[in-house]
Amino acid sequence: MSPSLSSSSSPLLIDSVDEYMNYTAISDMRVLNRRILADCLDPNPYLFINTSTEGPLYDETYVTVTVGGVLVPDKADWIAMITPANTKISDCPLNSLLYVQTGDISSLPLLCHYPVKAQYVSSDPSYLNCSKWKCEVYENNDCLVHSCSASVTFHVVNFRTDVEFVFFTGGFDAPCILKRSDPLSFANPKQPLYGHLSSTDSTATSMRLTWVSGDENEQVVQYAEGRSSTSQVSTFTQDDMCSGILPSPAKDFGWHEPGYVHTAIMSGLLPKQTYSYRYGSDSAGWSDQIKFNTPPATGSDELKFLAYGDMGKAPLDPSKEHYIQPGSISVVEAVTNEVASGNVDSIFHIGDISYATGFLVEWDFFLSFIEPLASHVAYMTAIGNHERDYEGSGSVYITPDSGGECGVAYETYFPMPAMGKDKPWYSIEQATVHFTVISTEHEWNVDSEQYNWINEDLASIDRRRTPWSIFLGHRPMYSSSESSILPNVDDGFVKSIEPLLMKNKVDLVFFGHVHNYERTCAVYQKTCEGLPTKINGIDTYNNSNYTAPVHAVIGMGGFTLDKFSDDAAEWSIVRISEFGYVRVHATSQKITVEFVDSNTTEVRDRFQIIKGGDLEYSIPK
């Protein structure tokens, strides 16, 4: 809505989009969190905003927001969905001094909470041409003043705090408030939600279930027709977040209470079996009954898993959010279908998990997003730069990529069988595969704690029990994509870790971080030590006579795709810039890897690694 045409105007701006773009990054909507936001001057008396529901909200729902009484619609008019950080909207502090550190110095009452998502009202095609109109003033049966209205719909999940919708004009660059809705509350803020599974060890006889609730009391998971396990409860606070000279989003305006994270171990299971569970309590509520599959145990004959990196999420409505990964919807849909088929034993998501990056409420959206797949099979993860990195946090890289989360949220929501707190590296075995999962964000130089662990883990692999060694982490050792900001490949990382892969005869390496798919030859120190040959039309690497690891970059899980450079090195065999995931089938003598385009479900690349009958390795010391 144009201020001059709608009898309203935006306040004089001291700050600007340009001033805060480098601070909060990513999108123009995100800078609203440090903007002067005030009521528009003299809004017309006909304006209103209402919602399709006035009662309590379901755990997942769609709310249609209608604005009306608009005299002159404008393309700069928009609606935001607001949630408070940790309390009721009515409890917004009434002391303007509390807002000085956020840069918000407008008069009270303040818009003290950040927009979770926003939509321009013009997304309703009837708005700008005013095809939905109402006469506000008649004279002698003639309409002297008519107004326009429009409706937009928001997808909402239960993040436990009130929801408010605010009607703005002035766009994202010069916003002022026209009208606010009444706050809406969730029917049950304590509801147990977003259950997701992970493996605890290589026996496949126990599984960890993690879920979120507004309830700080212990809850239980009931499983396998009569067994139960009590949850351990944890959370994190603003004080746990990292910050710098300027407060990080996680420490400041991006903070949102995470509720309570429950985790419980389902033990006494059998490998490669189907069970069911539900979680919660009589006082807080219960989840639905959910079926899940245990993975195959170490040494069994066959494993089927999916892998990808850099997925994140995207809104399930037309909203703008501070960080959107456009391919994530097609990937989640395709992977959900794969899991529902019963042909998936586990999933590996290797870094850049939710891209919440300091806007903590977005973890709830992500956990809801992946629940259809992560609640049924083990969802194993590796940490990435957007979970860990921040100035002064101890990360190898001091970029502000985590928004101040510094791994705290990630490790709370995704407890892996790791070496310890802030040591998120681990190994696990499933069937014929030994997985070594590392952190590229923690120190990996020679003789560092993680380096020594990697060396010991790879050297300990029993190739008669698990003939395949697969190495996973976030930042790659090989990529043909160029970055205008920082190099995609850290030569120091390669220099430290690549010799360990070669020494211990790692078969296959998966990395993310670069947002496309790329496959190499059997490569070491940028030299092709072995090329695939065609067997039945499939590129085949014969590791009966081991030469070097095969690397695959699989960061095409959702983030905007990266382009490849024009001149690819000889070690780069296949380069595809499409959204998708890899499907892996491992037996004792063959690994087959397929890159699946998530939009078409077409297999765009297929290769295999084979071994002969003699699985014994002679590994140099």
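Thresholds, definitions, all that
- Residue numbers here run from 1 along each chain, matching the order of that chain's written sequence.
- A pLDDT threshold of at least 70 governs which residues receive local features in this predicted model, and a stricter bar of 80 or more applies before side-chain atom pairs are shown or counted, although totals over entire chains, interfaces and linings include all residues.
- With hydrogens and water excluded, all non-hydrogen atoms of the structure serve as input to the side-chain values.
- Each residue gets one of three labels from its accessible area relative to the maximum for its type: buried under 20%, exposed over 50%, partly exposed in between, using a 1.4 Å probe on protein chains only.
- For helices the rule is a DSSP run of H or I covering at least 4 residues; for strands it is a run of E covering at least 2, with both sets numbered from the N terminus onward.
- Only when DSSP finds a minimum of two bridges between them are two strands counted as paired.
- A pairing counts as a salt bridge when a side-chain nitrogen of Lys or Arg comes within 4 Å of a carboxyl oxygen of Asp or Glu.
- For the purposes of this section, nonpolar cores are sets of buried Ala, Val, Leu, Ile, Met, Phe, Trp, Tyr and Cys residues that join through side-chain atoms within 4.5 Å.
- Contact between two residues is taken to exist if any of their heavy atoms lie within 4.5 Å; hydrogens are not considered.
- By definition, disulfides here are pairs of cysteine sulfur atoms that lie within 2.5 Å.
- Note on geometry: axes are lines fitted to C-alpha atoms, helical ones only across the stretch in contact, with angles between N-to-C directions running from 0 to 180 degrees.
- Two rings from Phe, Tyr or Trp (for Trp, the six-membered ring) form a pair when their centres are within 6.5 Å of each other. A pair whose planes differ by under 30 degrees is stacked, one over 60 is edge-to-face, and the rest are tilted.
- Roughly parallel refers to an angle under 35 degrees, roughly antiparallel to one over 145, roughly perpendicular to one between 65 and 115, and oblique to any angle outside these ranges.
- Throughout, the ten residues Ala, Val, Leu, Ile, Met, Phe, Trp, Tyr, Cys and Pro are labelled nonpolar, Asp, Glu, Lys and Arg are labelled charged, and all others, Gly among them, are labelled polar.
- Counting of polar contacts relies on pairs of N or O atoms within 3.5 Å, with two restrictions inside protein: one atom must be capable of donating a hydrogen and the other of accepting it, and residues adjacent in sequence are counted only when both atoms are side-chain atoms.

Enquirer: For this particular structure, what's the right way to read the pairing of strand E3 (residues 78–82)?
Expert: A regular strand carries its side chains on alternate faces of the sheet. The element E3 is extensively covered by neighbouring structure, given that 5 of its 5 residues are classed as buried. Inspection of the sheet shows E3 paired to strand E4 (residues 115–120) by 5 bridges, in the antiparallel sense. Within E4, the residue paired with Ala80 across the bridge is Ala118. Of the pairings in the sheet, the one linking E3 to strand E7 (residues 164–169) comprises 5 bridges and is antiparallel in character. Bridging across to E7, Met81 finds its partner in Phe165.

Enquirer: Help me understand the pattern of salt bridges, please; the structure alone is not making it clear to me.
Expert: Pairs can form between side chains of opposite charge once their charged atoms are near each other. Counting across every chain of the model gives 22 salt bridges. In this structure, Lys423 and Glu449 form a salt bridge, with 3.0 Å as the shortest nitrogen-oxygen distance. Linking Lys423 in the loop between helix H5 (408–413) and strand E21 (426–430) with Glu449 in helix H6 (residues 449–459), this pair joins segments that are 26 residues apart in sequence. Glu449 sits in the partly exposed class, given a relative accessible area of 47%. The residue Arg606 makes a salt bridge to Glu594 at a minimum N-O spacing of 2.7 Å. Of this pair, Arg606 sits in strand E33 (residues 603–610) while Glu594 sits in strand E32 (residues 590–597); the two residues are 12 residues apart in sequence, bridging distant segments of the chain. For Arg606, a relative accessible area of 35% corresponds to the partly exposed category. Counted as one network, the salt bridges with shared partners bring together Lys117, Lys313, Asp317, Glu321 and Glu362.

Enquirer: Would you mind going over the nonpolar core with me for this structure?
Expert: When a protein is soluble and globular, its nonpolar side chains tend to lie buried together. Ranked by internal contacts, the top residues of the largest apolar core, which has 121 residues, are Phe414 and Phe510. Counting residues per element, this core draws most heavily on helix H3 (residues 361–374), at 9 residues. Aside from chain neighbours lying at most four places away, what touches Phe414 is His196, Ile353, Trp363, Phe366, Leu367, Ile370, Tyr379 and Thr381. In terms of nonpolar packing, the next biggest core, distinct from the first, is built from 24 residues, Tyr451, Tyr478, Ile497 and Trp571 among them.

Enquirer: What am I meant to see in the state of the cysteines here?
Expert: In a disulfide, the sulfur atoms of two cysteines are covalently bonded to one another. Using the criterion set out here, one finds 5 disulfides in the structure. Disulfide pairing places Cys521 opposite Cys528 at an S-S distance of 2.1 Å. A torsion of -95 degrees about the S-S bond marks the disulfide between Cys521 and Cys528 as left-handed.

Enquirer: I would appreciate a short explanation of the pairing of strand E9 (residues 193–199) in the present structure.
Expert: Summarising burial for E9: 7 of the 7 residues are buried, a large majority. Judged from the 5 bridges that link them, E9 and strand E10 (residues 207–213) form a sheet pairing that is antiparallel. By the bridge assignment, Ser199 is partnered in E10 with Met207.

Enquirer: Help me understand the sheet that holds E3, please; the structure alone is not making it clear to me.
Expert: Within a sheet, neighbouring strands are paired by backbone hydrogen bonds and run either parallel or antiparallel to one another. With respect to topology, 4 strands assemble into an open sheet ordered E4-E3-E7-E8, the strand pairing being antiparallel. The open sheet has two edge strands with one neighbour each: E4 and strand E8 (176–180). Neighbour-to-neighbour, the strand axes of this sheet turn through a mean angle of 30 degrees, independent of strand direction.

Enquirer: Teacher, can you tell me more about the packing of aromatic side chains here?
Expert: Under the defined criterion, the tally for this structure stands at 28 aromatic pairs. An angle of 90 degrees between the planes, with centres 6.0 Å apart, marks the rings of Phe236 and Tyr413 as edge-to-face. Taken together, the residues span a long stretch of sequence, with Phe236 in the loop between strand E13 (232–234) and strand E14 (260–266) and Tyr413 in helix H5 at a distance of 177 residues. Residue Phe236 is classed as buried on the basis of its relative accessible area, which comes to 2%. Overall, Tyr413 belongs to the buried group, its relative accessible area being 0%. With 6.3 Å between their ring centres and 50 degrees between their planes, Trp363 and Phe414 make a pair best called tilted.

Enquirer: Looking at this model, I keep getting lost on the packing of H6 against helix H7 (residues 491–503). Mind explaining?
Expert: Angle between the axes and distance between the axes: these two values describe a pair of packed helices. The N-to-C vectors of H6 and H7 enclose an angle of 10 degrees; their axes lie 10 Å apart at closest approach. Compared by their axis directions, H6 and H7 come out roughly parallel. Between H6, through Tyr451, Ile454, Asn455 and Leu458, and H7, the contact on the second element is made entirely by Ser496, Ile497, Leu500, Leu501 and Lys503.

Enquirer: Please explain the packing of helix H2 (residues 328–340) against H3 as it appears in this structure.
Expert: Contact geometry for H2 and H3: axes closest at 8 Å, N-to-C directions at 25 degrees. In terms of orientation, H2 lies roughly parallel with respect to H3. In contact with Ser328, Ile329, Val332, Val335, Thr336 and Val339 of H2, H3 contributes Phe369, Pro372 and Leu373. Here the contact of H2 with H3 is composed, by residue class, of 7 nonpolar, 2 polar and no charged.

Enquirer: Just to check I follow, could you spell out the environment of Val550 for this structure?
Expert: Locating Val550 in the fold gives a position in strand E29 (residues 550–554). Of the residues examined, Val550 reaches a relative accessible area of 1% and is grouped as buried.

Enquirer: Please explain the environment of Leu303 as it appears in this structure.
Expert: By the secondary structure assignment, Leu303 is in strand E18 (residues 303–308). Apart from residues no more than four positions distant in its own chain, Leu303 is found in contact with Pro296, Asp345, Ser346, Gln430, Ala431, Val433, Phe435, Val584, His585 and Ala586.

Enquirer: How should the side chain of Gln219 be read in this particular structure?
Expert: Secondary-structure assignment places Gln219 in the loop between E10 and strand E11 (220–223). Its relative accessible area of 1% is what places Gln219 among the buried residues. Looking at Gln219, its side chain comes within polar contact range of the side chain of Ser213, at 3.1 Å.

Enquirer: Would you mind going over the sheet that holds strand E6 (residues 142–157) with me for this structure?
Expert: Taken in spatial order, the 4 strands make up an open sheet running E1-E2-E6-E5, and their pairing is antiparallel. In this open sheet, the two edge strands, each paired with only one partner strand, are strand E1 (48–51) and strand E5 (133–139). Taken over all neighbouring pairs, the strand axes of this sheet differ in orientation by 20 degrees on average, direction set aside. Pairing between E5 and E6: 6 bridges, direction antiparallel.

It is worth stressing that arrangement in space is one thing and function is another; only the former is reported here.
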